[in-house]
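Here is how the chains run, residue by residue.
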Amino acid sequence: MRDSPLERAFARNALTPEQYSAGQKYRHHWYHAGLADRLESIDLNRVFAIDLGAYSGMAKTESQLFHRQRYREAAQAVGKIGSHVLEWAVCREIALEQVGQTLGWNSRPQAYAAAVERMKTALDELCKLWGIGS
């Protein structure tokens with residue numbers, strides 16, 4: 001099992017199996033849409049220049065286009081706050097306390113609780129959208 005906020009919340013029984021499955025599917029579409037940050041190393045012998053091809057907003061394959069469409073549908077279904085929480089906690093694997101702090105909560109326990117509740121609400125919406133569960 002991975003050590004990400006989604007997996008930790010599921011292990012603590014904060015999420016149902018359906019919510020966990022929706023979170024995995026959301027992350028799958030986000031990653032295969034090409035939205036994950038690229039891992040790069042610095043080449044000190046190279047002349048510094050911007051690679052314009054790397055910053056193109058267009059999908060490079062039909063598969064990437066498909067996943068971008070599914071990701072955008074999901075992001076619209078959960079709304080701005082829900083998509084913010086899911087992208088940062090589920091996709092980018094930022095701790096739920098930190099995500100809660102971006103929502104305006106200063107106390108760590110309150111920030112965590114707020115992020116978990118927003119994540120659960122968003123994942124419930126995804127379950128409805130994708131027909132996961134009953």
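Scroll up for the structure.
As a starting point, this report considers the structure included with it.

Analysis parameters
- Residues numbered from 1 in each chain as written.
- Predicted model: local features only at pLDDT ≥ 70, side-chain atom pairs only at ≥ 80, totals over all residues.
- Heavy atoms only, no water.
- Helix = DSSP H or I, 4+ residues; strand = E, 2+ residues; numbered from the N terminus.
- Buried < 20%, exposed > 50% of the residue type's maximum accessible area, 1.4 Å probe, protein only.
- Contact = heavy atoms within 4.5 Å.
- Phe/Tyr/Trp six-rings, centres within 6.5 Å; stacked < 30°, edge-to-face > 60°.
- Lys NZ or Arg CZ within 6 Å of the ring centre and 35° of its normal.
- Axes fitted to C-alpha atoms, helices over the stretch in contact; angles between N-to-C directions.
- Parallel < 35°, antiparallel > 145°, perpendicular 65-115°, else oblique.
- Left-handed = near helix turned anticlockwise from the far one by under 90°.
- Nonpolar A, V, L, I, M, F, W, Y, C, P; charged D, E, K, R; others polar.

### What to know about the overall build of the chain
Phase 1 of the analysis: Secondary structure assignment for the chain yields five helices and zero strands.
Phase 2 of the analysis: Order of helices (α) and strands (β) in the chain, N terminus to C terminus: α-α-α-α-α.
Phase 3 of the analysis: A total of 134 residues make up the chain; the buried ones form 33% of that total.
Phase 4 of the analysis: Of the contacts formed within the chain by residues at least 6 apart in sequence, a portion of 62% connects residues at least 24 apart.

### Points about the packing of aromatic side chains
Phase 1 of the analysis: A full pass over the atoms with the stated rule returns two aromatic pairs.
Phase 2 of the analysis: With 4.3 Å between their ring centres and 10° between their planes, F10 and Y20 make a pair best called stacked. Of the two residues, F10 sits in helix α1 (residues 5-11) while Y20 sits in helix α2 (residues 17-32), which places them ten residues apart along the sequence.
Phase 3 of the analysis: Residue class for F10 comes out partly exposed when judged on its relative accessible area of 22%.
Phase 4 of the analysis: The buried category is assigned to Y20, whose relative accessible area is 13%.
Phase 5 of the analysis: Plain terms: the ring middles of Y26 and Y71 are 5.2 Å apart, the flat faces sit at 45° to each other, and that makes the pair tilted. Separated by 45 residues along the polypeptide, Y26 in helix α2 and Y71 in helix α3 (residues 62-91) bring together distant segments of the chain.
Phase 6 of the analysis: The class of Y26 is buried, set by a relative accessible area of 1%.
Phase 7 of the analysis: Just above the ring of W88 sits the side chain of R92; from NZ or CZ to the centre is 4.9 Å.

### Brief notes about the packing of α2 against α3
Phase 1 of the analysis: Interaxial distance between α2 and α3 falls to 8 Å at its minimum, and their mutual angle equals 120°. The orientation of α2 with respect to α3, classified from their angle, is oblique. The hand of the α2/α3 crossing is left-handed. Here G23, Y26, R27, H28, H29, W30 and H32 of α2 lie close against α3, whose contacting residues are Q64, F66, H67, R70, Y71, A74, A75, S83, L86, E87, V90 and C91.
Phase 2 of the analysis: Split into classes, the residues belonging to the contact of α2 with α3 amount to nine nonpolar, seven polar and three charged.

By themselves, these observations are geometric and do not establish any function.
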